[in-house]
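Analysis of the macromolecular model
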Amino acid sequence: MQPFALNYARPAVELEAVIPYVYDAGQQLNVLHDGRVAASDFALLREVGTTTSTAGSKTHFDD
């Protein structure tokens, strides 16, 4: 017997996107390519809504 939910489960769709920041393990923050902290770029935050990193939980904002 197959669980009901498996009839509707689908793999997550991978979206192609250019992410304008990278995780800096030394600072433990997301930084822009010019070295500034990504969370301090208000235009970026308005556009993407958050700067979650892939290093930890994806449910909170960076410091």
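Residues numbered from 1 in each chain as written. Predicted model: local features only at pLDDT ≥ 70, side-chain atom pairs only at ≥ 80, totals over all residues. Heavy atoms only, no water.

For the coordinates displayed, the defined rule picks out 2 salt bridges. A salt bridge links Asp 34 to Arg 36, with the nearest nitrogen and oxygen atoms 2.9 Å apart. Judged by relative accessible area, Asp 34 falls into the exposed class, the value being 54%. Residue classification places Arg 36 among the partly exposed residues on the basis of a relative accessible area of 40%. With a shortest N-O distance of 3.7 Å, Asp 41 and Arg 36 are connected by a salt bridge. (Salt bridge = Lys/Arg side-chain N within 4 Å of Asp/Glu carboxyl O. Buried < 20%, exposed > 50% of the residue type's maximum accessible area, 1.4 Å probe, protein only.)

Let us now look at the environment of Asp 34. Along the chain, Asp 34 turns up in the loop between strand 2 (29-32) and helix 1 (42-48). Distance in space between the C-alpha atoms of Asp 34 and Tyr 21 is 9.2 Å, their sequence separation being 13 residues. In terms of polar contacts, Asp 34 uses its side chain to reach the side chain of Arg 36, at 2.9 Å. (Helix = DSSP H or I, 4+ residues; strand = E, 2+ residues; numbered from the N terminus. Polar contact = N/O pair within 3.5 Å; in protein donor to acceptor, adjacent residues only side chain to side chain.)

Averaged over every residue, the pLDDT of the protein chain is 77; the share at 70 or more is 75%. Highest mean pLDDT in the protein chain belongs to strand 2 (90); lowest belongs to helix 1 (85). (pLDDT = per-residue confidence, 0-100.)

Here we take up the pairing of strand 2. On a regular strand, one side chain projects to one face of the sheet and the next to the other, so that they alternate. The two faces of strand 2 match: Leu 29 and Val 31 on one face and Asn 30 and Leu 32 on the other face are all buried. Pairing of strand 1 (residues 21-24) with strand 2 involves 4 bridges; the strand directions are antiparallel. Counted as the bridge partner of Val 22 is Val 31 from strand 2. Linking two consecutive strands that pair antiparallel, namely strand 1 and strand 2, is a turn of 4 residues; a positive phi of about 55° is found at Gln 28 within it. (Pairing = 2+ DSSP bridges.)

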